[in-house]
Amino acid sequence: MGAITGGLIMAVINNGMSLIGSPSERVMLVKGIVLLAAVAFDVWTKRRAGASR
């Protein structure tokens, strides 16, 4: 379920930024930042869940 949601979010970012005419470099930058934020959030929640045990 998470992979499908992530794929949809990336598609929406790609499509939306293409519609507003953003350069491809900016689209890739935004997608990279979103991906890094998602990985950081996942690591943070897993560490927090492990610490609460």
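Please read these numbers as outputs of a predicted model, since none were measured by experiment.

Novice: What is the right way to look at the environment of Ala-3 in this model?
Specialist: Inspection of the secondary structure assignment puts Ala-3 in helix H1 (residues 2-19). A relative accessible area of 68% places Ala-3 in the exposed class. Between the alpha carbons of Ala-3 and Ser-22 there is a distance of 25 Å; along the sequence they are 19 residues apart.

Novice: Which parts of the structure should I look at to understand the side chain of Ser-22?
Specialist: If you trace the backbone, Ser-22 turns up in the loop between H1 and helix H2 (24-51). With relative accessibility at 18%, the residue Ser-22 sits in the buried group. Those residues in contact with Ser-22 that sit more than four places away from it in its chain are Met-17 and Val-27.

Novice: What exactly am I supposed to notice about a nonpolar patch on the surface here?
Specialist: On the surface, Leu-35, Val-39 and Val-43 cluster together into a nonpolar patch covering about 250 Å² of accessible area. The residue Val-39 is located in helix H2 in this model.

Novice: Would you mind going over the packing of aromatic side chains with me for this structure?
Specialist: For any pair of aromatic rings, geometry is given as the distance between the ring centres together with the angle between the planes. Inspection of every chain in the model, using the stated rule, returns one aromatic pair. Pairing Phe-41 with Trp-44 gives two aromatic rings, centres 6.1 Å apart and planes at 40 degrees, and the pair type is tilted. Of the two residues, Phe-41 and Trp-44 both sit in helix H2, three residues apart, roughly one turn of that helix.

What counts and what doesn't
Residues numbered from 1 in each chain as written. Predicted model: local features only at pLDDT ≥ 70, side-chain atom pairs only at ≥ 80, totals over all residues. Heavy atoms only, no water. Helix = DSSP H or I, 4+ residues; strand = E, 2+ residues; numbered from the N terminus. Buried < 20%, exposed > 50% of the residue type's maximum accessible area, 1.4 Å probe, protein only. Contact = heavy atoms within 4.5 Å. Patch = residues over 30% accessible without salt bridge, like charges linked within 9 Å, V, L, I, M, F, W, Y side chains within 5 Å. Areas by Shrake-Rupley, 256 points an atom, 1.4 Å probe, with all protein chains shown as cover. Salt bridge = Lys/Arg side-chain N within 4 Å of Asp/Glu carboxyl O. Phe/Tyr/Trp six-rings, centres within 6.5 Å; stacked < 30°, edge-to-face > 60°.

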